[in-house]
Amino acid sequence: MREALWAELLKVRRSRLPWITALAFTVAALVCGMFMFILADPARARALGLLGGKAQLSGASADWPGYLALLAQAVAVGGLGVYGLIAIWLFGREFSDHTATDLLALPTSRTAVVAAKFTVAALWALALAVLLAGLGLLIGALLGLPAWSTPAVLNGLARILGAAALAALTTTPLALAASAGRGYLAAVGVLFGVIFVSQIIAALGYGSVFPWSIPGLYAGIAGAGQDPPGPLGLLLVVITGAAGAVSTAVWWNRADHTR
Amino acid sequence: MHPEPPLPDGASADPAAMAVIAHPRRGETSPAIEITRLSKRFGDVRAVDDVTLRVPAGQIYALLGLNGAGKTTLIRMLLGMITSTAGTVRVLGADVTGGDRSAWARVGYLVETAAAYPELTVRENLEVVRRLRRLPGDVGDIIDRLALAPYAERRARTLSLGNLQRLALARALLHAPDLLILDEPVNGLDPAGVAEIRALLAGLIHRHGTTVLLSSHLLAEVDRLATRIGILHHGRLVGEHDADQFDRHRRRHLRLATRDDHAARTVLIAHGYHPQSATPAGLLLTDPRALAAPEQVATVLVHGGVPPTDLHLHEEDLEAFFLRTVGPSEQVTLTAGPGTQPAEGTGDA
């Protein structure tokens with residue numbers, strides 16, 4: 001798989017997408033930081049025009065645990081979109097650029113190619129989560145957020161990484177959609193559908209058994225009154241991730257590659 | 001018309017010469033490609049229907065067929081990209097239908113579209129293939145051989161179609177394959193590009209004895225390159241011919257014009273010939289002795305007082321032969337290769 005991994009990393013390095021995804025996560029960290037700035041002193045924010053007269057602010061506190069929890073929610077919800085696009089790009093581009101055919105009859109197996117793509121997707125997701133956590137620490141320090149405690153901050157950072165891992169796992173079926181759909185379009189449609197349905201199911205109270213709602217619940221998006229997803233929910237996410245990866249590899253090996 | 005580039009290492013693109021220079025690899029005993037009763041259905045559509053063919057090592061085998069005849073499906077099955085509904089495929093001894101991938105290290109291929117990673121340079125595109133093929137060294141040699149050096153550091157998205165095709169061929173040739181499978185290798189190229197690719201393939205075969213299976217609907221190219229031709233029609237292999245024996249299968253006739261066709265006909269019949277009327281005027285002779293000695297026909301006519309004003313021996317080209325094989329109703333979809341003349345009618349001989 002080493003050769004395939006080298007090839008995938010080269011393609012990623014030459015693409016603009018890493019910079020676009022990094023920019024998206026940077027904006028997320030800045031927006032969350034601005035939210036902290038507003039929460040810390042709503043009157044000052046109102047005076048600066050950052051806050052509307054009728055704005056209701058609730059559900060977060062302007063301190064280190066509150067900021068890191070907000071970042072974890074951002075990565076849980078935004079991660080599904082961004083990590084989903086990464087998976088779609090890694091697999092769908094081979095069909096949109098008509099390069100998939102050149103990967104199918106080589107000494108390097110198709111399974112190795114698929115595994116390399118998922119490895120790159122995982123590394124990419126981790127790098128973005130680390131970027132978000134790092135920016136969170138920097139912005140939090142610049143804002144002078146109160147209630148710093150090393151255990152609480154470490155717990156907050158772990159929650160960011162955990163939410164990122166869960167979000168990334170739920171995107172493997174999009175790789176299958178991009179492969180079977182032979183391009184970006186069908187998979188992007190599936191991504192929009194999954195984001196929409198996960199919101200509905202979470203609102204109906206069944207989010208704890210719907211894999212794409214679980215990263216948000218894990219990050220505490222439903223508020224303090226909501227129980228975090230239990231082992232069953234986390235297991236469902238892992239099963240979804242594994243099933244998506246395995247079925248993608250099976251598709252690459254067994255499907256009729258007519259295009 | 002662009003001048004044809006010189007062939008590398010003195011190779012020749014002449015089919016007869018190709019037949020001589022193509023030779024099996026030392027120690028290679030089994031066919032390079034062995035297809036047995038291969039079929040593929042997509043729902044009710046029989047894309048490939050009970051095809052059996054062998055390509056011995058060193059041969060340049062051309063699959064000829066109209067668009068949709070099943071050429072690409074057959075080639076994709078050869079490369080393990082499409083599973084067969086029935087039948088078996090062996091490539092360089094490996095049972096492809098059984099999932100054996102061991103042949104891929106010795107096979108180079110180009111299927112349909114010449115594609116490349118647009119954001120990677122030519123060199124990087126080749127480097128990706130070199131790594132995936134686990135080859136030592138670098139890609140400098142293939143860049144030089146394919147005359148891609150001026151474009152080596154250019155991103156693939158900026159390449160012309162011809163250079164993109166050369167890059168695709170460079171990928172296929174990078175590991176000096178024993179078997180080269182090319183689906184429409186000159187598709188979309190201008191005449192100069194076609195000649196260049198032809199010369200390149202000729203040189204490759206000359207130097208390495210590489211076995212080539214190519215598909216095309218560009219008949220002129222097939223006629224000039226192949227040592228054996230298979231005609232695929234509606235998924236079935238409807239005919240196979242060695243290029244050097246192709247003359248036997250071509251229809252020939254002697255076409256002549258005179259100032260008085262009626263009188264000429266009488267003279268020819270009196271000398272035992274069997275003239276037919278040609279369209280719009282003139283006469284056609286298909287008698288073997290007329291074809292063997294056209295000058296005697298001229299002598300007979302001169303002595304009969306109706307000297308010929310025009311006389312030429314017409315030999316059916318591959319295009320006309322192909323159309324006759326697959327049936328005249330298919331003529332509208334046939335594409336002649338660059339520089340080919342439209343085929344004459346098939347019922348005139």
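Here is a short report on the structure shown in this document. Not measured: the values here are computed from a predicted model.

### Quick notes on the pattern of salt bridges
In the structure shown here, the tally under the stated rule is 22 salt bridges over all chains. Of the charged contacts, one joins Asp102(A) and Arg171(B) as a salt bridge, the two residues approaching to 2.9 Å between their closest N and O atoms. Linking Asp102(A) in the loop between α4 (64-96) and α5 (110-143) with Arg171(B) in helix α5 (residues 161-173), this pair reaches from one chain into another. Accessibility assignment for this pair places Asp102(A) and Arg171(B) in one class, buried. Residue Arg131(B) is joined to Glu127(B) by a salt bridge in which the shortest nitrogen-to-oxygen separation is 3.8 Å.

### Observations concerning the environment of Pro211(A)
Residue and element names in this part refer to chain A. As for its position among the elements, Pro 211 is in the loop between α8 (184-203) and α9 (214-218). Relative accessible area serves as the criterion here: at 9%, Pro 211 is assigned to the buried category. C-alpha separation for the pair Pro 211 and Leu 166, spaced 45 residues apart in sequence, amounts to 8.8 Å. Setting aside residues no more than four positions away along its own chain, Pro 211 makes contact with Thr 170, Leu 236, Val 237 and Thr 240.

### Notes on the packing of aromatic side chains
The geometry of an aromatic ring pair comes down to the distance between the two centres and the angle between the two planes. Scanning the entire structure with this criterion turns up 9 aromatic pairs over all chains. Ring centres of Trp89(A) and Trp124(A) lie 6.1 Å apart, and the angle between their planes is 80°; this geometry places the pair in the edge-to-face category. Taken together, the positions of Trp89(A) in helix α4 and Trp124(A) in helix α5 put the pair 35 residues apart, joining distant regions of the chain. A residue is classified by how much of its surface remains accessible, and Trp124(A), at 7% relative accessible area, is buried. Above the ring of Phe91(A), the side-chain terminus of Lys117(A) is found at 5.8 Å from the ring centroid. In this structure, Arg289(B) is placed above the aromatic ring of Tyr273(B), and the distance from its NZ or CZ to the ring centre is 3.9 Å.

### Focus on the pairing of strand β11 (residues 252-257) of chain B
Residues and elements named next belong to chain B. In this structure, β11 lies alongside strand β14 (residues 310-315), joined through 6 bridges in antiparallel fashion. Along β14, the bridge assignment pairs Leu 254 with Leu 313. Taken together, the 3 bridges between β11 and strand β13 (residues 283-285) define a ladder with antiparallel strand orientation. Opposite Leu 256, over in β13, you have Leu 283 as the bridge partner.

### Structural notes on the sheet that holds β14(B)
All names here are of chain B. An order of β12-β13-β11-β14 is seen for the 4 strands of this open sheet, with the pairing classed as antiparallel. On the outer flanks of this sheet lie β12 (276-277) and β14, each paired with one strand and no other. Running at roughly 25° to β13, helix α9 (residues 261-270) makes contact with β11, β12 and β13 of the sheet. Seen against the sheet, helix α11 (residues 294-303) touches β11, β13 and β14 and runs at an angle of roughly 25° to β11.

### A few points about the environment of Val45(B)
Turning to its location among the elements, Val45(B) is positioned in strand β2 (residues 45-55). Spatially, the C-alpha atom of Val45(B) lies 9.8 Å from that of His234(B), the residues being 189 residues apart in sequence.

### Focus on the nonpolar core
If you look at the biggest cluster of nonpolar residues, it comprises 108 residues, and the most contacted ones within it are Tyr83(A), Trp252(A), Leu79(B) and Val91(B). When residues in this core are grouped by element, the largest group, 17 residues, is from α4(A). Among all residues touching Tyr83(A), those that are not within four sequence positions of it are Phe25(A), Val75(A), Ala125(A), Leu128(A), Ala129(A), Ala164(A), Ala167(A), Ala168(A) and Thr171(A). With 46 residues, the next largest nonpolar core counts Ile60(B), Leu66(B), Leu173(B) and Leu200(B) among its residues.

Analysis parameters
- In this convention, every chain numbers its residues from 1, walking through the sequence in written order.
- Each chain takes a letter, starting from A, and each ligand takes a number, starting from 1, following the order in which they are written.
- Under the rules for a predicted model, residues below a pLDDT of 70 receive no local features and side-chain atom pairs below 80 are neither given nor counted, while totals for whole chains, interfaces and linings still include all residues.
- To obtain the side-chain values, all non-hydrogen atoms of the structure were used and water was disregarded.
- A carboxyl oxygen of Asp or Glu within 4 Å of a side-chain nitrogen of Lys or Arg is what we treat as a salt bridge.
- Every helix listed is a DSSP run of H or I at least four residues long, and every strand listed is a run of E at least two residues long, numbered separately from the N terminus.
- When accessible area is computed with a 1.4 Å probe and restricted to protein chains, residues below 20% of their type maximum are described as buried, those above 50% as exposed, and intermediate ones as partly exposed.
- We call two residues in contact whenever any of their non-hydrogen atoms come within 4.5 Å of each other.
- Only the six-membered ring of Trp is used, alongside the rings of Phe and Tyr, when aromatic pairs are assigned; centres must lie within 6.5 Å, and planes under 30 degrees apart are stacked while those over 60 apart are edge-to-face, with the rest tilted.
- Placement of a positive charge over a ring is assigned whenever Lys NZ or Arg CZ falls within 6 Å of the ring centre and within 35 degrees of the normal to the ring plane.
- Any two strands with at least two DSSP bridges between them are considered paired.
- An axis is simply a line fitted to the C-alpha atoms; with a helix, the fit covers only the stretch in contact. Between two such axes, the angle follows the N-to-C directions and lies from 0 to 180 degrees.
- Note on terminology: a nonpolar core comprises buried Ala, Val, Leu, Ile, Met, Phe, Trp, Tyr and Cys residues joined through side-chain atoms within 4.5 Å.

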